[in-house]
Amino acid sequence: MSGLSDEVLAAIDAIEAGPQGPAVGAFFDLDGTLVAGYTAATFYGDRLKGRDVSPAEFLRTVVTAVDGELGGDPTRIAHVAFSAMRGESEEAFADLGERLFRSKIAGTIRRESRALVMAHQRVGHTVAVASAATKYQIAPVARDLGVEHLVCTQLVVEDGQFTGATDGPMLWGRHKASGVRAFAREHGIDLSTSYAYGNGYEDVAFLSSVGHPTALNPHRDLRSAAARLGWPVLDLSDPVGGSLLAAGRTAAALAGMNTGVVAGLSYGLLSGNLKEGRNAAIKLATSLPMALAGVKVDVLHRERLWTHRPAIFVANHQSALDIPVLGNLLERDFTIVAKKEAKWDPRAMVGSVVIDPAYIDRSDSASARATLDGVVDRIRGGTSLMIFPEGTRSATPVLGPFRKGAFHLAAQAGVPVVPVVLRNSGELMRRSSLVLNPGTVDVCVLEPETDWNEDDLSDRIAALHTKFEETLARWPST
């Protein structure tokens, strides 16, 4: 598993070598553990931005926060927030949670935390998120991680609206430990063989409830307690943010892309071979910006990119970085299918001069079919196609469902499908981000698949989707 620390790899090995099955629990705290930062702050920041916080509520929040820092009840600030939600629609708040997950929270999930969750899932443990947060903060994260169970603070809802009260205590400190013990009794879990991960001193009781506690990115007091109690400590890396240096390198990369396009096309004009000029522009416009941004590509089975041409190259999609990475790998004689709106994206306009994308108007099915018919003719004429069957960038590394369009084209054109699995690109350039961070994108080219036809299309697409999932879950070494 490239990119994971030795400590995390050792922890995963210990999980896989330990007791297996659903009688073993794995309980993960949310804020500061699964995600970097605090989801409550994201929700509150959105309310502030929308001017939904009254001056009186803001003052109460500040006073309560200061009191908590000075030794008062640290849960009071949450109760102030719950009281302010009185009369709000539960459905609207759940929708807000989904929106904030996609736009902000998804990018804060720690890669190594995800790897730990997956390790417990592989050996059949009962995995749960145990947190003082509410399900509206937790549920989107849990769903993305494939975690079914939540042990969390419950809010009272009447007639679809919040009352401002909690159903039972807020699951903070000893109450979280009690919630975990109750969950274990209900689900037949042996806590003596179970695991728990937390980051705050208030999690001591929670962590003490299991046989295998881990202080994960712990605050100072929990770190000291872990040392006294002999608990393991894991310090995980946070998702990469956009530094000033990275922003400068991104600007240089964009300039390098433009320079590459101009140089390649100029070569084509001077040599009288416009096709070779376009291919030179592709190579320069993808290699130059990645070099300037400090992005490297580590490719397994690169030779499979060349054994079947023309072909339809399908890849998972996490980032705007995916297109230059794939362009750098494919090098020549390819195009892409893109939504019509991308035609006016400044980042795409320069590249469109070189690869002449097929723009699809999704609102006009007749126009879309005519465009795709033209793509089939181009493929038969020797031009390969790069396409993302998920249809849009995912907010996290979790693979979305595959649409059938790429595979219909393979059947119509009579060409193979070459699957290309990308890893890490979303970490180097987050969804909707304009900043590209340095690092390595891992690529694995799977075996080309031939003889596509309409008769068994659904089954073959499902099987290919499974191959992508398995590759991402267990990255091959060779």
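Residues numbered from 1 in each chain as written. Predicted model: local features only at pLDDT ≥ 70, side-chain atom pairs only at ≥ 80, totals over all residues. Heavy atoms only, no water.

Bringing the overall build of the protein chain into the picture now. Assigned secondary structure in the protein chain consists of 18 helices and 15 strands. Sequence separation of 24 or more characterises 70% of the internal contacts of the protein chain that already satisfy a separation of 6 or more. Accessible area for the protein chain stands at about 22200 Å²; split by element, carbon and sulfur atoms hold 54% of it. (Helix = DSSP H or I, 4+ residues; strand = E, 2+ residues; numbered from the N terminus. Contact = heavy atoms within 4.5 Å. Areas by Shrake-Rupley, 256 points an atom, 1.4 Å probe, with all protein chains shown as cover.)

Sheet architecture is open: six strands sit in the order β3-β2-β1-β6-β7-β8, paired in parallel fashion. Strands at the two margins of the open sheet, each flanked by one partner only, are β3 (149-153) and β8 (233-234). As defined by bridge partners, strand β6 (residues 195-198) adjoins strand β7 (residues 212-216) across four bridges and the pair is classed as parallel. Note on β7: the bridge partner recorded for Ala 196 is Pro 213. Sheet contacts for helix α7 (residues 135-145): β2 (126-134) and β3; angle to β2, the most-contacted strand, approximately 150 degrees. (Pairing = 2+ DSSP bridges. Axes fitted to C-alpha atoms, helices over the stretch in contact; angles between N-to-C directions.)

Cis geometry marks the peptide bond from Arg 309 to Pro 310, where omega comes out at -5 degrees. Along the chain, Pro 310 turns up in the loop between β9 (295-300) and β10 (312-315). Positive phi is not limited to glycine here, since Glu 331 has a value of about 70 degrees. For Asn 424, which is not a glycine, the phi torsion comes out positive at approximately 90 degrees.

Within this structure, the stated rule accounts for nine aromatic pairs. Ring-pair connections join several aromatic residues into one group, and the members of that group are Phe 43, Phe 93, Tyr 136 and Phe 162. For the cation-ring pair, Arg 460 lies above Trp 452, with the distance from its terminal atom to the ring centre recorded as 4.0 Å. (Phe/Tyr/Trp six-rings, centres within 6.5 Å; stacked < 30°, edge-to-face > 60°. Lys NZ or Arg CZ within 6 Å of the ring centre and 35° of its normal.)

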